[in-house]
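# Survey of secondary and tertiary structure
So the chains spell out like this:
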There are 2 protein chains.
Amino acid sequence: MSDFSPLISDLIQEFSKLPGIGRKSASRLAFHILDAPLEEVTRLAEAILKAKKGIRLCRECCNFTEDELCSICANPRRDRSVICVVETPRDLSAMERIHEYKGLYHVLHGVISPMQDRGPENLKLRELLNRLQVHEEVQELIIATNPTVEGEATALYLARLLKPSGIRCTRIAHGLPMGSDIEYADEATLARALSGRQEL
Amino acid sequence: MSDFSPLISDLIQEFSKLPGIGRKSASRLAFHILDAPLEEVTRLAEAILKAKKGIRLCRECCNFTEDELCSICANPRRDRSVICVVETPRDLSAMERIHEYKGLYHVLHGVISPMQDRGPENLKLRELLNRLQVHEEVQELIIATNPTVEGEATALYLARLLKPSGIRCTRIAHGLPMGSDIEYADEATLARALSGRQEL
């Protein structure tokens, strides 16, 4: 790409550091920037910096927020006796989209992953334990980490950690996704679906 | 997505205006921005603004450049008797990647497209005509617009426009792409491959 001028190369370079953006997409984005109106480009650059500088973690649940408390923790109508533990703020927003869950959340900001050199100390676990000590009304912790090796390990670690506290720890169900086909389901999912069967 | 705070929603909104970035990718990019180190994010925002503000069109060929002339027009070793006409700076860089062409370029910045309300006056045609008048050494114009309806129409328009000048106008070959399969080629491509056959 030696025929690009340095400013364009730099821009392509920066775009290609983003997740899911390869070299080709990065150059498409860069050329879009050069073609787009200056106001639109300025709005994008400002939105990036403003979000980065204006967003912090909620004092209670570690979700992203602009204020000290996120809108969920600040909402008096949420059920304060249940906390749903998720890996990331994106998982939180996926849970919110089902419009069924009325409790609070706790965002771990990661999972235990020895491969990536991430132990329990890298997660927002201390914040969770402090929270449980302060708010004695919490009765159930729904562990909604991903159904991956790391997510499962984190769920087990958390359940064991909280055993002495006597708080009920539950795990979201694993099984066949709606609309899927038993014929094409993988063995692990099918095994979980069978062992997790429920009375009709 | 009402559970996102305004700064995050704004950022997702801006990202989703980029080409090839849907709502889901935009939110993934936004959350990446929030997780990434501040320096990295600042570098991205600055690269966007710097490229947008620092890049202009080459005085000669209308390619993107930081200086008055682009590196190709400024290169004394390029053959000034041939000009390859392309639609976009990205097409120019694709041509450069083959490392075979040693002439100059002219970037039209678009094609004639009545559907998109783009006529010849929206292209960098006047710049091309001026250039041909000033530089009498130009002997051949290779028209390398895309093999689409609009690209073909633009090529024909250009050839007709330049007929009185006596400059030779050529069109890049259409035919089967290397490594492809005749069995799966579309009719239009195969017809072009046949009519464009050459002596072995």
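Residues numbered from 1 in each chain as written. Chains lettered and ligands numbered in written order. Predicted model: local features only at pLDDT ≥ 70, side-chain atom pairs only at ≥ 80, totals over all residues. Heavy atoms only, no water.

Our focus in this paragraph is the overall build of chain A. A tally of regular secondary structure across chain A gives eight helices and six strands. Reading the secondary structure of chain A in the N-to-C direction produces α-α-α-β-β-α-β-α-β-α-β-α-β-α. Rg of the C-alpha trace for chain A: 21 Å, well past the compact-globule value of 16 Å for 200 residues, more than 25% over. Its C-alpha atoms give chain A principal-axis dimensions of roughly 65 × 50 × 35 Å. When the 200 residues of chain A are sorted by exposure, 42% land in the buried category. A fraction of 44% describes how many contacts in chain A between residues 6 or more apart in sequence connect residues 24 or more apart. Here chain A has roughly 11,700 Å² of accessible surface; of this, 52% comes from carbon and sulfur atoms. For chain A, the distance from the average site of its 26 positive side-chain charges to the average site of its 29 negative ones is 3 Å. (Helix = DSSP H or I, 4+ residues; strand = E, 2+ residues; numbered from the N terminus. Rg over C-alpha atoms; globule rule 2.2 N^0.38 Å. Buried < 20%, exposed > 50% of the residue type's maximum accessible area, 1.4 Å probe, protein only. Contact = heavy atoms within 4.5 Å. Areas by Shrake-Rupley, 256 points an atom, 1.4 Å probe, with all protein chains shown as cover. Lys, Arg positive; Asp, Glu negative; His and termini not counted. Charge placed at Lys NZ, Arg CZ, Asp CG, Glu CD.)

Moving on to the sheet that holds strand β3 (residues 79-86) of chain A. Residue and element names in this part refer to chain A. Taken in spatial order, the four strands of this open sheet run β4-β3-β5-β6, and their pairing is parallel. Of all strands in the sheet, those with a lone pairing partner are β4 (103-107) and β6 (168-171), marking the two edges. Across the sheet, the mean angle separating the axes of adjacent strands is 25° when strand polarity is ignored. Two strands pair when backbone bridges link them, and β3 and strand β5 (residues 140-143) are joined in this way by four bridges, in the parallel orientation. (Pairing = 2+ DSSP bridges. Axes fitted to C-alpha atoms, helices over the stretch in contact; angles between N-to-C directions.)

Before going further, it helps to examine the pairing of β6(A). Each regular strand shows side chains that alternate between the opposite faces of the sheet. Residues and elements named next belong to chain A. With four bridges joining them, β5 and β6 adopt parallel strand pairing. Counterpart to isoleucine 142 in the pairing with β6 is threonine 170. Since β5 and β6 lie parallel, the crossover through helix α7 (residues 149-162) that links them has a hand, and here it is right-handed. (Right-handed = clockwise from strand over helix to strand, strands pointing away.)

Let's shift gears to the state of the cysteines. Simply put, the disulfide is a covalent bond whose two ends are the sulfur atoms of two cysteines. If you walk through the whole model with that rule in mind, you get zero disulfides over all chains. The thiol sulfur of A:Cys58 is not disulfide-bonded, and the nearest other cysteine sulfur, from A:Cys61, lies at 3.8 Å. Here B:Cys169 is not disulfide-linked; the sulfur of B:Cys84 is the nearest cysteine sulfur, at 12 Å. (Disulfide = S-S within 2.5 Å.)

Attention shifts here to the packing of aromatic side chains. The geometry of an aromatic ring pair is captured by two quantities: the separation of the ring centres and the angle between the planes. Counted by the stated rule, this structure contains six aromatic pairs over all chains. Between A:Tyr101 and A:Tyr105, the aromatic rings sit 5.1 Å apart at their centres with planes inclined by 65°, giving edge-to-face as the arrangement. The same class applies to A:Tyr101 and to A:Tyr105, which are both buried. Here the aromatic cluster, defined as three or more aromatic residues joined through ring pairs, consists of A:Phe4, A:Phe31 and B:Phe64. (Phe/Tyr/Trp six-rings, centres within 6.5 Å; stacked < 30°, edge-to-face > 60°.)

For an α-helix, the turn length of 3.6 residues means that residues three or four places apart are oriented alike. Residue and element names in this part refer to chain A. Looking at helix α6 (residues 125-134), one finds that the buried residues are Leu125, Leu128, Arg131 and Leu132. Axial view of α6: buried residues confined to an arc of 120°, hence all on one face. Every exposed residue of α6 that faces more than 90 degrees away from the buried side is listed here: Arg126, Gln133 and Val134. On the buried face of α6, the contacting elements are α4 (71-74), β3, β4, β5 and α7. (Arc of directions from axis to C-beta.)

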